[in-house]
Amino acid sequence: MRTIIIQKRRQAVFIGVLCVALIGIASPASAAIHIYTIEVDAALSRMEVVARFAAPANAISARSRDAGRFLLDARDCDNGDQISNRGRRLTISGNGIRCLSYAVDLRSAAQADQRNDLLHASNFLVTPTVWMWRPRLGGDDEIRVQFRLPNDVQVSVPWRPIKTTDNAYLLNASPQSGSAIAIFGHFDSSVANIAGTDLRIELLRVAEDIDAAPIVDWIQETAYNITLAYGRFPNPAARIVVFPIGNTPWPSDSPVLFGRVVRDGGETVELLIDSQQPMQSFYEDWTATHELSHMMLPYLRAEQRWIGEGFAQYYQNVLLARAGRYTENYAWQKLYDGLERGRESVPGLSPNAAASGDERNSRMKIYWSGAALALMADVELRQRSHGKESLDTVLDQFQRCCLPSQRTWSGAELFTTFDSFLELPLFMNLYRQYADAAGFPNVRPLLGQLGVAVDDGEVRLRSDTELAEIRAALTAQRYTGGPGK
Ligand SMILES: [Zn+2]
């Protein structure tokens, strides 16, 4: 009993200190700011959370259905009353509570995630969706989270770090495209400055020691390549988590076995890599550039997923050429091959229909319809502005106004916003023409004008066609010194 009282006092003092520490951070007047302190025990088996809400809260939940399995005890910390849960929701009566304290069985939560079977015992991952119980966040609401960890223990979460305070983060509303991971324990963690942005790179530990430096170098170059679109990284608080596994059971042509962007409380790119592959093969692979390119657009509705995928397909080739990793010829060969695969894929379906259905063979339609539109828009913009405008300049303006975004966008909203940056609309015209039309945009005449000649499937570039200069400008090398230089 005595210990509990002492702990409560310590928590109260700590929350007071935290409020003072965070007071200098400006927030919009209407925003609700909730303050969380999260303490993890020395054995990393139990998590104690105290949450103080901006206003009485009665709708508190966790995102995962499994969260209730790991909740040990939840109380109103103002009066000590116990709070029960029904699945992933807390049962709160009356006008709500201002303060919630709860404990989580962190060890069981980690054991339930099979990915931990592949990790060294010094670190584990667990998704906040099973331990973060919180009110719904709207607009500019935020949760300020302060971790209190045992000595030398690290944490990695998808949220925005508060630079002035160790282990403190800001969590805002987000599209929740998946479940991001948190990592606890000892792992390789670094911050790379990429054209002015601090990018967090976390490398999960799968063995006692692994040489992280070459992998971090490769991630830095890949992140730098994204800045070859408009000079900045699209998200100033992104996190990249690398899961290096050796001797993979799955045969793969690519050293990156799996990649995805998770927009859950922040943007994380997760990369599962085969660490036994030679480093050179990583630099020649497109997967990581594709995933990072996704950050130049917001999360899109499922039926317009083809725009996000297509723009990433387009940019992965353009950026790897600009970085000098692809020759101009190779980049256009890859674009041509992909556009052909898109043209052959489910010709009876429109891009919107292909992306909303579950037809397995529609993948290439989804991946390349948007790339065709990106190419058409890019060339049109460069042509009509004599090179002053391009897809890069549109995405630059879009980043300034709207990224990182806390919500899910429709394709029409996105393209309308793009058009708002232009004197003459372009993107919505393309959307109206192609989004709901069966077939595939006919880009062959455009490729011919660009000087992308094809003989028996082999691309040969010509410099004597009317748009050859635009083609050359599109993929011209822009390497300006590399990351951190
Ligand atoms: Zn993708």
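Residues numbered from 1 in each chain as written. Predicted model: local features only at pLDDT ≥ 70, side-chain atom pairs only at ≥ 80, totals over all residues. Heavy atoms only, no water.

**Structural notes on the domain arrangement of the protein chain**
Segmentation of the protein chain into domains returns domain 1 (2–186), domain 2 (187–296) and domain 3 (300–485). Tallying the contact residues gives 33 residues for domain 1 and 25 residues for domain 2. Of the roughly 2,200 Å² buried between domain 1 and domain 2 on both sides combined, carbon and sulfur atoms contribute 53%. Counting across the domain 1 and domain 2 interface gives two salt bridges. (Domains from an automatic or database assignment. Contact = heavy atoms within 4.5 Å. Buried area = accessible area lost by both parts, 1.4 Å probe. Salt bridge = Lys/Arg side-chain N within 4 Å of Asp/Glu carboxyl O.)

**Comments concerning the sheet that holds strand β10 (residues 142–148)**
Spatially, β4-β7-β2-β1-β10-β13-β12 is the arrangement adopted by the seven strands of the open sheet, whose pairing is mixed. What marks the edges here is a single partner per strand, and that holds for β4 (71–76) and β12 (160–161). Bridge count between strand β1 (residues 33–40) and β10: seven bridges; the pairing is parallel. Directly across from threonine 37, in β10, lies its bridge partner glutamine 146. (Pairing = 2+ DSSP bridges. Helix = DSSP H or I, 4+ residues; strand = E, 2+ residues; numbered from the N terminus.)

**Side note on the nonpolar core**
Ranked by internal contacts, the top residues of the largest apolar core, which has 88 residues, are Trp218, Tyr314, Leu375, Phe415, Phe418 and Phe427. Element by element, the count of residues in this core is highest for helix α10 (residues 363–384), at 12 residues. No fewer than three residues from each of domain 2 (187–296) and domain 3 (300–485) sit in this core. (Core = buried A, V, L, I, M, F, W, Y, C linked by side-chain atoms within 4.5 Å. Buried < 20%, exposed > 50% of the residue type's maximum accessible area, 1.4 Å probe, protein only.)

**Side note on helix α8 (residues 328–344)**
The end-to-end C-alpha distance of α8, which contains 17 residues, comes to 25 Å, matching closely the 24 Å that a straight helix rising 1.5 Å per residue would cover. Turning to α8, its buried residues are Ala331, Trp332, Gln333, Leu335, Tyr336, Gly338, Leu339, Glu340 and Gly342. Residues of α8 that are buried make contact with α7 (305–322), α10, α14 (444–449), β20 (452–455), β21 (458–461) and α15 (468–475). Once α8 finishes, valine 346 follows within two positions and takes phi at roughly 25 degrees, a positive value. (Expected span 1.5 Å × (residues − 1).)

**Considering the sheet that holds strand β17 (residues 239–245)**
Taken in spatial order, the five strands line up as β15-β16-β17-β19-β18 in an open sheet, and their pairing is mixed. Edge positions in the sheet fall to β15 (188–194) and β18 (256–263), since each of these pairs with one other strand and no more. Across the sheet, the mean angle from the axis of one strand to that of its neighbour is 20 degrees, orientation sign disregarded. As paired strands, strand β16 (residues 197–203) and β17 are joined by four bridges and run parallel to one another. Counterpart to glutamate 202 in the pairing with β17 is valine 241. Most of the contacts of helix α4 (residues 212–230) go to β15, to which it runs at about 30 degrees, and overall it touches β15, β16, β17, β18 and β19 (267–274). (Axes fitted to C-alpha atoms, helices over the stretch in contact; angles between N-to-C directions.)

**Overview of the coordination of the zinc ion**
Bound to the zinc ion on the protein side are His290 (NE2), His294 (NE2) and Glu309 (OE), at distances that span 2.1 Å. Every donor residue of the zinc ion comes from the same chain, spaced as H-x3-H-x14-E. (Donors = N, O, S within 2.8 Å, 3.2 Å for Na, K, Ca; no water.)

**Some details on the packing of aromatic side chains**
Counted according to the given criterion, the structure contains 20 aromatic pairs. An angle of 70 degrees between the planes, with centres 6.0 Å apart, marks the rings of tryptophan 131 and tryptophan 159 as edge-to-face. A residue pair is termed long-range when its members are at least 10 positions apart, and tryptophan 131 in the loop between β8 (123–126) and β9 (134–135) and tryptophan 159 in the loop between β11 (154–156) and β12 qualify at 28 residues. Its relative accessible area of 0% is what places tryptophan 131 among the buried residues. Through pairs of rings, three or more aromatic residues link up here, namely Trp306, Phe311, Phe398, Trp409, Phe415, Phe418, Phe427 and Tyr431. Sitting over the ring of tyrosine 367, arginine 363 keeps its end group 4.6 Å from the ring centre. Note that arginine 407 overlies the ring of tryptophan 409, its terminal NZ or CZ placed 4.3 Å from the centroid. (Phe/Tyr/Trp six-rings, centres within 6.5 Å; stacked < 30°, edge-to-face > 60°. Lys NZ or Arg CZ within 6 Å of the ring centre and 35° of its normal.)

**Some thoughts on the pairing of β18**
In the sheet, β18 pairs with β19 via seven bridges, with the strands oriented antiparallel. Looking at the pairing, valine 262 lines up with threonine 268 of β19. The turn linking β18 back onto β19 is made up of three residues, and glycine 265 within it adopts a positive phi angle of 75 degrees.

**What about the side chain of aspartate 396?**
Inspection of the secondary structure puts aspartate 396 in helix α11 (residues 391–402). Residues contacting aspartate 396, with those up to four places away along its chain left out, are Tyr230 and Arg232.

**Here's the deal with the side chain of serine 385**
Along the chain, serine 385 turns up in the loop between α10 and α11. Look at serine 385 and you get buried, because its relative accessible area is 11%. Side-chain polar atoms of serine 385 contact the backbone nitrogen of lysine 388, separated by 3.1 Å. (Polar contact = N/O pair within 3.5 Å; in protein donor to acceptor, adjacent residues only side chain to side chain.)

**Here's the deal with the packing of α7 against α10**
It is the contact of α7 with α10, at a shortest axis distance of 6 Å, that shows an interaxial angle of 60 degrees. With respect to their mutual orientation, α7 and α10 come out oblique. Where α7 crosses over α10, the two elements pack in a sense that is right-handed. For the pair α7 and α10, contact is made by Arg305, Trp306, Glu309, Gly310, Phe311, Gln313, Tyr314, Asn317 and Arg322 and by Ile366, Tyr367, Trp368, Ser369, Gly370, Ala371, Leu373, Ala374, Leu375, Asp378 and Arg382, respectively. Here the contact of α7 with α10 is built from residues that sort into 10 nonpolar, five polar and five charged. (Parallel < 35°, antiparallel > 145°, perpendicular 65-115°, else oblique. Left-handed = near helix turned anticlockwise from the far one by under 90°. Nonpolar A, V, L, I, M, F, W, Y, C, P; charged D, E, K, R; others polar.)

**Quick word on the confidence of the model for the protein chain**
A low pLDDT means the predicted coordinates there should not be read in detail. This prediction gives the protein chain a mean pLDDT of 91; 92% of its residues lie at or above 70. Low confidence marks residues 1–27, where pLDDT is under 50. Its contacts with residues over four positions away, or in another chain, come to 21 contacts. (pLDDT = per-residue confidence, 0-100.)

**Points about the pairing of β8**
In the case of a regular strand, side chains alternate between the two sheet surfaces. What you see with β8 is no split at all: Asn123 and Leu125 on one side and Phe124 and Val126 on the other are buried throughout. When β8 meets strand β14 (residues 182–185), the two strands line up antiparallel, connected through four bridges. Looking across to β14, one finds that phenylalanine 124 is bridged to phenylalanine 184.

**A look at the state of the cysteines**
Under the criterion given, the structure shown has two disulfides. Here cysteine 77 pairs with cysteine 99 through a disulfide, and the sulfurs are 1.7 Å apart. Between cysteine 77 and cysteine 99, the disulfide has an S-S torsion of -100 degrees and is therefore left-handed. Of the two residues, cysteine 77 is situated in the loop between β4 and β5 (85–86) and cysteine 99 in strand β7 (residues 97–105); the sequence distance between them amounts to 22 residues. Between cysteine 401 and cysteine 402 runs a disulfide, and the two sulfur atoms are separated by 2.0 Å. (Disulfide = S-S within 2.5 Å.)

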